[in-house]
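# A structural walkthrough
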Amino acid sequence: MPDRRAGFFLGGMSSSSDVTEAGRRAQTKARNREAILAAARRAFAEQGYEAVSVRDIIRATDLASGTFYNYFRSKEEIARALAADAAQRLRPLLRAERAKAMDLEAWLGGALRAYFHFLVEEYGGTAAGPPHVRMDATPAQRAVFEEIRESLTGILGDRLAPGADTAYLTAGAIGIARYIGEQMLRRAPPDPDGAARFAVRLILHGLPTAAREG
């Protein structure tokens, strides 16, 4: 009479082996994707987005040339993936600054310093900076936009006119931060605190004050 327990144990071992193999494949895919992202981040920062090709990115990894297209369809898609990754990591930093701030100037200063220090950590020592991607290109970026808009609306409170366009206000603040951040990265060494002070003056008091104080 056959021992059914043997079949049970063999079946259990096979199932366990399948799960282990699936886990290894998932880990390999995650490592490959991260390797491509890291290579693209370095290439975009060092050479500039426009100058970089898919071949440049994959050459900077140990992966086969066709591997890129198993994870990304184009250079534009990888740029969006990098933007989404950065936005996900930046959002809690901005939220922490909102929790600490007592007024608009303190919030702006804290949020801008956090952002500029984040840029230096990501792209310090390079002149090109992050690739240009629309600020609403990914769900993570849209979440950061809404995080900033909610913070701005909450801090301004009664000072916000009933018809104020909070989307324009938010986009203006983000645009100033984005381009000052790019200029900061071109300087040696980059000065995130000085860039934050300048951006706060520009946002709160306008060009005449920023020009006088330098």
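Our subject is the structure that appears above.
Each residue is numbered by its place in its chain's sequence as written, counting from 1. For a predicted model such as this one, the threshold for reporting local features is a pLDDT of at least 70, and the threshold for listing and counting side-chain atom pairs is 80 or more; totals across whole chains, interfaces and linings nevertheless cover every residue. Side-chain numbers here rest on the full set of heavy atoms in the structure, without hydrogens or water.

## A short note on helix 4 (residues 104-123)
Note the following rule: In this text, helices come from DSSP runs of H or I with a minimum length of four residues, and strands from runs of E with a minimum of two, each type numbered from the N-terminal end. An expected span of 1.5 Å times one less than the residue number is assigned to each helix. For this analysis, a polar contact is any N or O atom pair within 3.5 Å, provided that within protein one partner can donate a hydrogen and the other can accept it, and provided that sequence-adjacent residues contribute only side-chain to side-chain pairs.
The end-to-end C-alpha distance of helix 4 is 28 Å, a good match for the 28 Å that 20 residues give at a rise of 1.5 Å each. Sitting at the amino-terminal end of helix 4 is aspartate 103, which places a side-chain oxygen 3.3 Å from the backbone nitrogen of glutamate 105.

## Describing the side chain of glutamate 97
What counts, and what does not: Only protein chains enter the accessibility calculation, which uses a 1.4 Å probe. A residue is then buried if its area is under 20% of the maximum for its type, exposed if over 50%, and partly exposed in between. Residues are treated as being in contact if the distance between any of their heavy atoms lies within 4.5 Å.
Relative to the elements of secondary structure, glutamate 97 occurs in helix 3 (residues 75-100). Residue class for glutamate 97 comes out buried when judged on its relative accessible area of 16%. The residues contacting glutamate 97, other than those within four sequence positions of it, are Trp107, Gly110, Ala111 and Ala114.

## Comments concerning the environment of alanine 101
Take alanine 101: it is sitting in the loop between helix 3 and helix 4. Owing to a relative accessible area of 14%, alanine 101 belongs among the buried residues under this scheme. Setting aside residues no more than four positions away along its own chain, alanine 101 makes contact with Ala106 and Trp107.

## Describing helix 7 (residues 192-213)
Put simply, the test is: Bending is quantified residue by residue as the angle between axes fitted to the seven-residue window ending at that residue and the seven-residue window starting at it.
The first and last C-alpha atoms of helix 7 sit only 17 Å apart over 22 residues, clearly below the 32 Å expected at 1.5 Å per residue. Maximal helix bending in helix 7 amounts to about 135°, located at glycine 206; proline proline 208 follows within four positions. Among the residues of helix 7, those classed as buried are Pro192, Gly194, Ala195, Ala196, Ala199, Val200, Arg201, Leu202, Thr209 and Ala210.

## Regarding the pattern of salt bridges
A pair can form between side chains of opposite charge whenever their charged atoms are brought close. What counts here: Salt-bridge detection follows one rule: a side-chain nitrogen of Lys or Arg within 4 Å of a carboxyl oxygen of Asp or Glu.
The tally for this structure, following the rule as stated, stands at nine salt bridges. The closest approach of N and O atoms between glutamate 146 and arginine 149, which form a salt bridge, is 2.9 Å. Of this pair, glutamate 146 and arginine 149 both sit in helix 5 (residues 139-156), three residues apart, roughly one helical turn. Among the charged side chains, a network of salt bridges with common partners joins Arg41, Asp85, Arg89 and Glu122.

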